[in-house]
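Given next are the chains, with one letter for each unit.
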Amino acid sequence: MSASRNRELLALVPVALLLTAGFAAVFAQNDNQLTNLSLSYGLYFLAICLATHIYIRIRLPNADPYLFPLMALLTAFGLVMLYRLDAEMGSELARDQANWFVIGLILFAVVIQFFKDYSVLERYRYTIALISLGLLMAPRLPVIGSQVNGAYLGISLGPISFQPAELAKIGIVIFLASYLREHRELLVVGARRFLGITFPPLKHLGPLLVVWGAAMFMLIFIRDLGSSLMFFAAFLALIYVATGRLSFVVIGMAMFLAGAWVIYHTVPHVTDRVDIWLDPYQDPSGAGYQILQSMFAMADGGLFGEGFAQAMVVIPGTDAPLLPAAQTDLIYTLITSELGLFGACAIIATYLLVAARGFKVALLANDGFSKLLATGLTTVFAFQAFVIIGGVTRVIPLTGVTLPLVSYGGSSILANFILLALLLLISDRARREAREGI
Amino acid sequence: MNARIVKLFAFIGVSFAVLVGFTSYWTVFDANNLKNERVNKRPLFEAQQIKRGRILADDGTVIARSVAKGSGPSLRYVRDYPEGDSYGHPIGYSFVEYGNSEFEAYHNSELIGDENEFSSIIDELRGKKPEGNDLITSIDPTAQQTAFDLLGGQPGAVVAIEPDTGAVKAMVSVPPFNPNDVPTDFSALSADPSRPMFNRSTQGQYPPGSTFKLVTAAAALDSGAITPDETINSPGSIDVQGHPLANDFDQDFGDINVTTALTNSVNTYFAQLGEKIGTGTLEDYMTKFGFNSKPQLDLPDGQMSTSGVFDLENDKLLTGDDPIDVGRLAIGQERLLATPVQMAEVAATIANGGKLMRPQIWDKVKDPDGRTVKTMDPEVQSDVISEETANELTDAMQDVVNEGTGTAAALSGVDVAGKTGTAEVPDKDECGGLPNQAWFVGFAPADDPQIAVAATVECTDGQGGTVAAPIAAGVMQTLLGE
């Protein structure tokens, strides 16, 4: 299927062009002159993508041709925004991120190399689930755990800090896909109707309650509303796809809302987050500062944006942030402020295209596990984008998850390229089987 | 499972549509509200990055300029006022933390260059930061300084207007403030009981006393209620609305015409004249002179006061329909309050043959390359009285200076026309026991008026003729000498 690989190669060209143009624009803004360095950044990026493309061509010739270029596009977009922040703040975020991108692609290759038969993952599903839960709890451990804005999101080991939730999301999706593949029939057959609502059988309800419990646990102990929402949404999506019972989703949502309501009234950090979401003006220079500044910066953006590298990120003449965490939480705001509603829509459209290709992989897959795994991975990716974009636009309370591949952060890059590797593995097998007429 | 996967994708599509919806709301539909939000400092920071234009006096003296601090993305401009407190009023200040005031506030959009959208787009394409326009005022630095010197620290105000254009040549309020001190001493300046940040020229509401007799005389002559030669018997004391009203020293003037009455500022004459023309007519003429609404100066409405008859207890402006003692109003009493700029407008109207020109402080707008973009076009604010009436009043006002209460305003070689006023301050205790608000309004030369002035001194034991007249004369002499 070299045709699809050629399409992939072709799709990478605009990505490299975008990156070159973006870097050139930052250069033009800051030095009023164009140096060939920006051009070489584009070429360098293209070279790395080309190497990856050749690797995919050899190892996964049948895989979906658009997923990798789309993810490379998001990464390139993030790199340009980070480079623009570097130019203003003298940081080296873009270089770090580029390094993480290379490491991410190496990991991508490693996963493809060793998990060509990804069904082995099914065998270790409980181990994977346990490791994932362990990762989620790690930020609460003494010494290595660290707290950011009241949420326990990271662990730090010496100079390296890491957001374990990023990796855990893949592990948990693998577990859920595997578990539901095996139990979905039982969940449907044994279901009972009570008061007009179909309930899953009690025997099989246990593990699902565990997942719900895990989500609640995360809310209470990790205090991370964003990750909790993201995991639980992926869980409900998988339940729905696996069983076709919308009532299970409704019950799950009711349970989540009930739990969230209790936690809202008992865990002060969650209470603050929600209250600030409902009325950020109650503390405009404190807890409400970030979300208000996000809204104000978007208002400055308008339809077409203020122009590249034109938005104010720090208070002029000081180091005080005007867009707090512009490189992570508020990167979508920064994009909206500089490229306007159109730029924002372009980003959202790109995520939607990734989701479309991801679900396409799930549609083409032949076995239940592959279908559920592709669905779960795609959903968790798309929902992560929803949670953070929704957070900065005040659709939901603002939380600290990253905008996949765009936000600064090594763990996010690594996790998402593992996710991409798995999707391409599923895709390659499905399309090969389709071609061979199985 | 495939149908359910498609449904799931549809659900994600809807979720993303919600994100697009919210983003559109903040970027487009609610953007203006957000930009005007009080806690949103972005517009201020943006303004700070624009090189605000300079403000100049009519001879090119730099009153306000922007000084660059820092460089690159942290470049910002801070306002500097080289002349210190000389132009604190009416120019005001402009600082990110404290906002804009007075002239700086009124002309903000020109000073930050909002006016020329088109050239700013071109500049942006050229990578050039937008720059504001320079504003040249009509203020004469020498006259401004003379007014300060002659007030000599006495609280009060001086306003000088060119009668035929409305150009403001001097506007002084004492005590003054130095706009350079605003960033460091804002709260101290605001709390200072002597109110240095209060522009007495435009905000100070004072009883105008006998200077208001000009308005009464103008209304009577112009409406035809009296002829110039018609006489009214003016005894030492009369009863007005059941209360006695007397001349100074109870002097009996007998049968006198309006010129004699103005020259000697005869209370009993004007009280009767007021009752003769009635509240309605007097009110109409007051409105034409500019009373009963904010001055049409190029200053923010919030920093100007209305002149008129006030019910002070309810802070309400009274109209001709309210019960007003017109006899006392005619002599500048009866809860009548006027700003110095309003009284300068009265003098300027008579000087300009009965036409009130809209008073303006700005004269020209120049773009950063020095090209004149806009020039003040003199505009008639209202046709107040006929030229004939104006000439009759001018003659009477010349008598005031030549032989009446205003002799201290006389200048050698130039005929001055004017009117003095000495009002009782509403609250002596606030004035440290000093009883009078002294006034002089006038113009010169009487036959070809070049400048009209109102000068007032708060809380003095002197009279309009002794305290205010010499100040007005000095300012007129300075402006005519150039």
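This text follows the structure it describes.
What counts, and where the lines are drawn
Residues numbered from 1 in each chain as written. Chains lettered and ligands numbered in written order. Predicted model: local features only at pLDDT ≥ 70, side-chain atom pairs only at ≥ 80, totals over all residues. Heavy atoms only, no water. Helix = DSSP H or I, 4+ residues; strand = E, 2+ residues; numbered from the N terminus. Buried < 20%, exposed > 50% of the residue type's maximum accessible area, 1.4 Å probe, protein only. Contact = heavy atoms within 4.5 Å. Polar contact = N/O pair within 3.5 Å; in protein donor to acceptor, adjacent residues only side chain to side chain. Expected span 1.5 Å × (residues − 1). Patch = residues over 30% accessible without salt bridge, like charges linked within 9 Å, V, L, I, M, F, W, Y side chains within 5 Å. Areas by Shrake-Rupley, 256 points an atom, 1.4 Å probe, with all protein chains shown as cover. Salt bridge = Lys/Arg side-chain N within 4 Å of Asp/Glu carboxyl O. Lys, Arg positive; Asp, Glu negative; His and termini not counted. Charge placed at Lys NZ, Arg CZ, Asp CG, Glu CD. Axes fitted to C-alpha atoms, helices over the stretch in contact; angles between N-to-C directions. Parallel < 35°, antiparallel > 145°, perpendicular 65-115°, else oblique. Nonpolar A, V, L, I, M, F, W, Y, C, P; charged D, E, K, R; others polar. Pairing = 2+ DSSP bridges. Buried area = accessible area lost by both parts, 1.4 Å probe. Phe/Tyr/Trp six-rings, centres within 6.5 Å; stacked < 30°, edge-to-face > 60°. Lys NZ or Arg CZ within 6 Å of the ring centre and 35° of its normal. Disulfide = S-S within 2.5 Å.

**Student:** Talk me through the environment of V188(A); I want residue IDs and the actual numbers.
**Tutor:** If you trace the backbone, V188(A) turns up in helix 7 (residues 164-189). Once the C-alpha coordinates of V188(A) and T243(A) are considered, the two residues, 55 residues apart in sequence, prove to be 6.1 Å apart.

**Student:** Explain helix 8 (residues 141-151) of chain B residue by residue, including any values.
**Tutor:** Residue and element names in this part refer to chain B. Along helix 8, the residues that are buried comprise P141, A143, Q144, T146, A147, F148 and L151. For helix 8, the elements touching its buried residues are helix 4 (88-91), strand 7 (156-161), strand 8 (168-174), strand 22 (451-460) and helix 17 (464-481). Its side-chain oxygen at 2.9 Å from the backbone nitrogen of T142, D140 defines the N-terminal cap of helix 8. G152 lies just past helix 8 and shows a positive phi near 55°.

**Student:** Tell me about helix 1 (residues 2-29) of chain B, and please be specific about residues and values.
**Tutor:** Helix length check: helix 1 of chain B (28 residues) gives 39 Å between terminal C-alpha atoms against 40 Å at 1.5 Å per residue, within 8%. Where helix 1 of chain B is concerned, the buried positions are I5(B), L8(B), I12(B), S15(B), F16(B), L19(B), T23(B), S24(B), W26(B) and T27(B). Of the surrounding secondary structure, the elements contacted by the buried residues of helix 1 of chain B are helix 9 (225-243), helix 12 (289-301), helix 13 (331-364) and helix 14 (368-392) of chain A together with helix 2 (31-35) of chain B.

**Student:** Please set out a negative patch on the surface residue by residue, giving values where relevant.
**Tutor:** A contiguous patch of negative charge on the surface is contributed by D164(B), D415(B), D447(B) and D448(B). Relative to the helices and strands, D164(B) is located in the loop between strand 7 and strand 8.

**Student:** Break down the packing of helix 7 of chain A against helix 15 (residues 410-436) of chain A for me, citing the residues and quoting the values.
**Tutor:** All names here are of chain A. Running from N to C, helix 7 and helix 15 cross one another at 25°; their axes reach a closest spacing of 7 Å. Compared by their axis directions, helix 7 and helix 15 come out roughly parallel. Along the contact surface, helix 7 presents E166, L167, K169, I170 and I174, while helix 15 presents S411, S412, A415, N416, I418, L419 and L422. Residue classes in the contact of helix 7 with helix 15 are distributed as 7 nonpolar, 3 polar and 2 charged.

**Student:** Which residues make up the pattern of salt bridges, and what values do they have?
**Tutor:** Think of it this way: side chains of opposite charge can pair up when their charged atoms draw near. Residues and elements named next belong to chain B. Under the counting rule described, the total for this entry stands at 28 salt bridges over all chains. Between K374 and E110 there is a salt bridge; the shortest N-O distance is 3.0 Å. Residue K374 is located in strand 18 (residues 372-375), and its partner E110 is located in helix 6 (residues 108-111); the two are separated by 264 residues in the primary sequence. Since its relative accessible area comes to 33%, K374 is described here as partly exposed. Here E110 falls in the buried class, since its relative accessible area comes to 8%.

**Student:** So what's going on with the sheet that holds strand 2 (residues 62-69) of chain B? Which residues, and what values?
**Tutor:** All names here are of chain B. Strand order in the open sheet made by the 6 strands is 3-2-1-6-17-18, with mixed pairing throughout. Edge positions in the open sheet fall to strand 3 (76-80) and strand 18, since each of these has one partner strand only. Alignment of strand 1 (residues 55-56) against strand 6 (residues 134-137), held across 2 bridges, turns out to be parallel. Its bridge partner lying in strand 6, L56 is registered against I136.

**Student:** Describe the interface of chain B and chain A, with residues and values.
**Tutor:** In this assembly, 36 residues from chain B lie in contact with 54 residues from chain A. The largest contributions to the chain B side of the interface with chain A come from M1(B), F16(B) and R42(B), which together make up 18% of the buried area. Note that R42(B) and D300(A) form a salt bridge whose closest N and O atoms lie 3.6 Å from each other. Between the two partners, chain B and chain A, sit 8 residue pairs in polar contact (both at pLDDT 80 or more). Listed by contribution, the elements that provide at least two residues to the side of chain B that touches chain A are helix 1, helix 2 and helix 3 (42-49) of chain B. No other element matches the 21 residues that helix 1 of chain B contributes to the side of chain B that touches chain A.

**Student:** Which residues make up the pairing of strand 22 of chain B, and what values do they have?
**Tutor:** Residues and elements named next belong to chain B. Burial analysis of strand 22 places 10 of its 10 residues in the buried class, which makes it a mostly covered element. Taken together, the 6 bridges between strand 7 and strand 22 define a ladder with antiparallel strand orientation. Considered in strand 22, the bridge of V158 is made with A455. Direction of pairing for strand 21 (residues 436-444) relative to strand 22: antiparallel, over a ladder of 8 bridges. Among the inter-strand pairings, A438 is bridged to a residue of strand 22, identified as V457. The loop that links strand 21 with its antiparallel partner strand 22 comprises 6 residues.

**Student:** A description of the packing of aromatic side chains should follow, citing residues and the corresponding values.
**Tutor:** Residue and element names in this part refer to chain B. For the structure on display, the rule yields 22 aromatic pairs over all chains. Considering the side-chain rings of Y93 and F186, the 6.3 Å spacing of their centres and the 80° angle between planes classify their relative orientation as edge-to-face. Of this pair, Y93 sits in the loop between helix 4 and strand 4 (94-95) while F186 sits in helix 9 (residues 182-191); the two residues are 93 residues apart in sequence, bridging distant segments of the chain. Judged by relative accessible area, F186 falls into the partly exposed class, the value being 23%. Taken together, the aromatic side chains of Y81, Y93, F95, Y98, F177 and F186 make up a single cluster linked through ring pairs. The cationic tip of R195 hangs over the ring face of F198; the distance from NZ or CZ to the ring centre is 4.0 Å. In this structure, K288 is placed above the aromatic ring of Y285, and the distance from its NZ or CZ to the ring centre is 4.6 Å.

**Student:** Give me the lowdown on the state of the cysteines, citing residues and values where you can.
**Tutor:** All names here are of chain B. Applying the stated criterion across every chain, the model contains 1 disulfide over all chains. Here C431 engages in a disulfide with C459; their sulfurs sit 1.9 Å apart. An S-S torsion of about -50° defines the bridge between C431 and C459 as left-handed. Of the two residues, C431 is situated in the loop between strand 20 (417-424) and strand 21 and C459 in strand 22; the sequence distance between them amounts to 28 residues. In this pair, the class of C431 matches that of C459, namely buried.

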